[in-house]
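Chain and residue survey
Each chain is listed here by its residues.
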2 protein chains.
Amino acid sequence: MSDKVLIVDDLATNRIVLKVKLSAAHYEVVQATSASEALAIAASTRPDLILASAHLSGMAAADFVAGLRKIKPLSTTPIILLQTHSCAHDRHAALRAGADDILTKPVQEAVLLARLRNLLRQHHNSYDLTRQPGGGHFFGFAEAQREFQIPGRIAIVARSKPEALALQGMMSHSSQHQFSAYGTDQAMPIVSTQQIPDVYLLRFGQADAEEGLRLLAELKAAQLTHSCPVIALLDKNTSSLAVTLLDMGANDVIIGLADREELALRMANQLRHKRNSEQMRAQLLSGLQAAVVDPLTGAYNRRYALPFLKQLIEDTHQSEESFAVMVADLDFFKQVNDRFGHAAGDRVLCAVTTQLRAHLREGDMLARIGGEEFLIITPGTNRFRAQQTADRLCQMIHQTPIAVPGTSAPLHVTISIGVTMARHNSGCEAHTVDLLLDQADRALYLAKAQGRNKVTFCARSAA
Amino acid sequence: MSDKVLIVDDLATNRIVLKVKLSAAHYEVVQATSASEALAIAASTRPDLILASAHLSGMAAADFVAGLRKIKPLSTTPIILLQTHSCAHDRHAALRAGADDILTKPVQEAVLLARLRNLLRQHHNSYDLTRQPGGGHFFGFAEAQREFQIPGRIAIVARSKPEALALQGMMSHSSQHQFSAYGTDQAMPIVSTQQIPDVYLLRFGQADAEEGLRLLAELKAAQLTHSCPVIALLDKNTSSLAVTLLDMGANDVIIGLADREELALRMANQLRHKRNSEQMRAQLLSGLQAAVVDPLTGAYNRRYALPFLKQLIEDTHQSEESFAVMVADLDFFKQVNDRFGHAAGDRVLCAVTTQLRAHLREGDMLARIGGEEFLIITPGTNRFRAQQTADRLCQMIHQTPIAVPGTSAPLHVTISIGVTMARHNSGCEAHTVDLLLDQADRALYLAKAQGRNKVTFCARSAA
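Residues numbered from 1 in each chain as written. Chains lettered and ligands numbered in written order. Predicted model: local features only at pLDDT ≥ 70, side-chain atom pairs only at ≥ 80, totals over all residues. Heavy atoms only, no water.

1. Here we look at the overall build of chain A
The helix and strand tally for chain A stands at 14 helices and 15 strands. Taking 2.2 N^0.38 as the reference for a compact globule, 463 residues should give roughly 23 Å; the C-alpha atoms of chain A span a radius of gyration of 31 Å, well beyond that estimate. Seen through its C-alpha atoms, chain A measures out along the principal axes to roughly 90 × 55 × 50 Å. For chain A, buried positions account for 53% of its 463 residues. Approximately 19,600 Å² of chain A is accessible, and the part contributed by carbon and sulfur atoms is 53%. (Helix = DSSP H or I, 4+ residues; strand = E, 2+ residues; numbered from the N terminus. Rg over C-alpha atoms; globule rule 2.2 N^0.38 Å. Buried < 20%, exposed > 50% of the residue type's maximum accessible area, 1.4 Å probe, protein only. Areas by Shrake-Rupley, 256 points an atom, 1.4 Å probe, with all protein chains shown as cover.)

2. Concerning the packing of helix α12 (residues 342-358) of chain A against helix α13 (residues 383-399) of chain A
Residues and elements named next belong to chain A. Close contact between α12 and α13 brings their axes to 10 Å; oriented N to C, the two are set at 140 degrees. By the angle class used here, α12 and α13 are oblique. The element α12 and its partner α13 pack so that their crossing is right-handed. Contact residues: α12 offers V352, Q355 and L356, while α13 offers L393, M396 and I397. Class assignment of the residues belonging to the contact of α12 with α13 gives a composition of 5 nonpolar, 1 polar and no charged. (Axes fitted to C-alpha atoms, helices over the stretch in contact; angles between N-to-C directions. Parallel < 35°, antiparallel > 145°, perpendicular 65-115°, else oblique. Left-handed = near helix turned anticlockwise from the far one by under 90°. Contact = heavy atoms within 4.5 Å. Nonpolar A, V, L, I, M, F, W, Y, C, P; charged D, E, K, R; others polar.)

3. Things to note about unusual backbone geometry
Going from A:K105 to A:P106, the amide bond is cis rather than trans, its omega being 0 degrees. By the secondary structure assignment, A:P106 is in the loop between β5 (101-104) and α5 (109-127). Residue A:R46 is not a glycine yet carries a positive backbone phi of 45 degrees. With respect to the element layout, A:R46 can be found in the loop between α2 (35-45) and β3 (49-53). The class for A:R46 is partly exposed, based on a relative accessible area of 42%. Within the chain, B:R452 stands out as a residue other than glycine whose phi angle is a positive 70 degrees.

4. Some details on the UniProt feature "domain: Response regulatory" (unreviewed entry) in chain A
The UniProt entry lists residues 4-120 and 153-271 of chain A under the feature "domain: Response regulatory" (unreviewed entry), expressed in the numbering used here. Strand forms 21% of residues 4-120 of chain A and helix 48%; the C-alpha atoms that close the span are 10 Å apart. (UniProt positions renumbered as here; feature names shortened; annotations may be inferred.)

5. Details of the interface of chain B and chain A
Facing 56 residues of chain B, the contacting portion of chain A comprises 57 residues. Our count for the contact surface shared by chain B and chain A stands at 0 salt bridges. At the level of secondary structure, the elements contributing two or more residues to the side of chain B that touches chain A comprise α5 (109-127), α7 (209-221), α8 (239-248), α9 (260-291) and α10 (302-316) of chain B. Per-element tally for the side of chain B that touches chain A: the top contributor is α9(B), with 9 residues. Classifying every residue of the side of chain B that touches chain A gives 26 nonpolar, 15 polar and 15 charged. (Salt bridge = Lys/Arg side-chain N within 4 Å of Asp/Glu carboxyl O.)

6. Quick look at the relation of the copies chain B and chain A
Superposition of chain B onto chain A requires a rotation of 180 degrees combined with a translation of 0.0 Å along the rotation axis, giving an RMSD of 0.2 Å. One copy is carried onto the other by what is essentially a two-fold rotation axis. A share of 100% of the interface residues of chain B reappears at the interface of chain A, consistent with the copies meeting face to face through the same patch. (Least-squares fit on C-alpha atoms with pLDDT ≥ 70 in both.)

7. A short note on the pattern of salt bridges
Enumeration over the complete set of coordinates arrives at 54 salt bridges over all chains. Residue A:D235 pairs with A:R159 through a salt bridge whose shortest N-O separation is 3.3 Å. Linking A:D235 in the loop between β9 (230-234) and α8 (239-248) with A:R159 in the loop between β6 (153-158) and α6 (161-172), this pair joins segments that are 76 residues apart in sequence. The partly exposed category is assigned to A:R159, whose relative accessible area is 25%. Between B:E261 and B:R96 there is a salt bridge whose closest N-O contact spans 2.7 Å. Residue B:E261 is located in helix α9, and its partner B:R96 is located in helix α4 (residues 88-97); the two are separated by 165 residues in the primary sequence.

8. Quick look at the nonpolar core
In this structure, A:Y200, A:L202, A:L245, B:Y200, B:L202 and B:L245 are the most contacted members of the largest nonpolar core, which totals 54 residues. Among residues more than four places away in sequence, those in contact with A:L245 are A:F204, A:L213, A:L216, A:A232, A:L234, A:A250 and A:V253. (Core = buried A, V, L, I, M, F, W, Y, C linked by side-chain atoms within 4.5 Å.)

Here it is as structure tokens:
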């Protein structure tokens, strides 16, 4: 379906067989005949997935995978290796180097295609948000962090608790992780708010397929667990079940029991994916936070304040509440900068922000919208209380001297405040952001004209 | 699985039956006995999903849904209604008001639970990123926009092209959307890069279930289509197929042919979800962009520059390339502010940014890291070329007068630049962000001490 797959194999016949299969499934196929050629082609064509023989001449599979991972845009691209005969040592090395899966031939076509879809779906979904139009990612997001060594919480779920415990015994032997074991024959929820697992390991077979499928679907649906990777451990000869699980979004599916080391490696891979996306989410949120805050004072900025006001206007259409819009401006601020320098001016702005915030309520919004100009929005207030609030702000600033660098005596500054009230059904013209800011600005102008250090209301604003 | 479901029904027996089913599936259940009680409980308990009778006494189902949608934190919470007898008029009204599904009793338990899982999964996934710890969303993200009227591109896929065309004929009758029809019997890809559909409508039944399931999985996996909603239109008596589709991530599943109006409404719902997430993504990206850019000059800020440098240091460990770190500082900038005012100072900063950027290459990074201080990083350069670049920047600023407000004669300003080189295997102590910035700062200090308007290299930096 137009995703681009790079096939890597020394043998032409193998490449042709794969190309026919993938083309029939509408993939765009590019080919490489050796590991070194593949590294060059992968770097230039940036495939969506790489499907390579585990037996390339001249380079060990693990080294090939490591080489691909070093190419920046491919650090998270799905890589599947195909072994002609199962070799545990090579499997482990490839998984350790960052391969997503290593399958042993013969691989059923349906399973192979399902694995491709599954890895592509995971890949496209997890990195979609930060992908930039020209390829590449938004400043360093989505970089693979291969070094996470944090122990994880692993939940093992099997047909019965003893079976889950047996699996846990095998796993926990040389592991730093914290395990918990559940049997699906017990009527108990396998997640609690206190201890949400990082990774789920579901062990089941054809006989209890329905139970297993439902469990996977439940884990992928619930708020607490939907971002937890799920590894399904299936009995042998369950390939059609594997296809369904892969298409439902299981993060890894192992048919037949894997050895302890392979299981540990696959678990570590999923744990790393989870940590990566948690880190990406934290980066995104802190990035967004930074986008709406004035770095000097920590007050919100214009970018936050104007949509906030717009939203409040819309909300007020559906309620009886009125709110106040205040524009507060430092009086004679230029003199502070001129006489005591920029550092002093900055100090004053920070101190005033702190004081204003201390005297506002929790739902109120304080933003710095110009050099020495602040916007204050107090929802759910009437004119009488807005007057009280604004007067109090004025007084507090007036009464609180500010220590600044460059002079031993603390500075006394004042603010002037222009206020306008907004209310639904006010009978006036419809409120807009511009209108309200304009009204507050005019009121501020009056306060300045009347001598500063005072509060003036917009005459036309709703009472 | 610990998600909270609000059950709303006048009849105690109905509530009890549902409660037993949902509790067995490990949902936390809250109950309401009337529409008005439900509105109050929903507002205070904020359920993850609402499952309500479509026949509440005292309030039409559509009004009830509209009432729920008006409660801010519930604007996107999944709502399922249960009808005791199918009534097209009520169905349409409820869907129009914002219900996600309206099912007619008897509903098979497996289908009901699959629909719950399906809606919860969609809900938790789409809004996860912007959800804040205390509930609520990051400043206005994820608000439902119920007003999108933009025509969409709808792809209809059926067993054969004539069947798809017949469906298209029925749909396009009174629709503003743009349709395309495909038959799965044709060997052609149903997506092209030029015209990616907004919504897919897949029509199939038990006989071609495998084909349909694979198609859904392919659409959900491919980069071009994985975020396109898919509506499955199934033949009657296909409830186990419906369960599988829902658990695979179909966005809506309709069993038995829906009437034209219902299909149009469900399509509009999916289109709205799609537009919403596109909008959310755009907001996020522009928020992130704003987080890394200095609003005055448009250069990057410190928040971007330091991780950029850190990443470059790491990348250089794996390559033979060297890069230059330059700190450029405007000479005597305080005088500009003092003599001509802030507006003039700001104008100078912007003009200098523009000139610096014009003389840097595409991969170079320019950030404003202090009042009049810029950081310039030029990857893939050697000392000779770095010297050329820095000299040229110095000269250009010196030679280009800047028109500013407050004075008729344009200003002449100069910059001083301190440079350090970073290279892998340089034999020096390991590079760190702090070390490189410190070296460049010392070099800058020398340039200032030696008369300004000049370039100085760090003596200890790698040649």
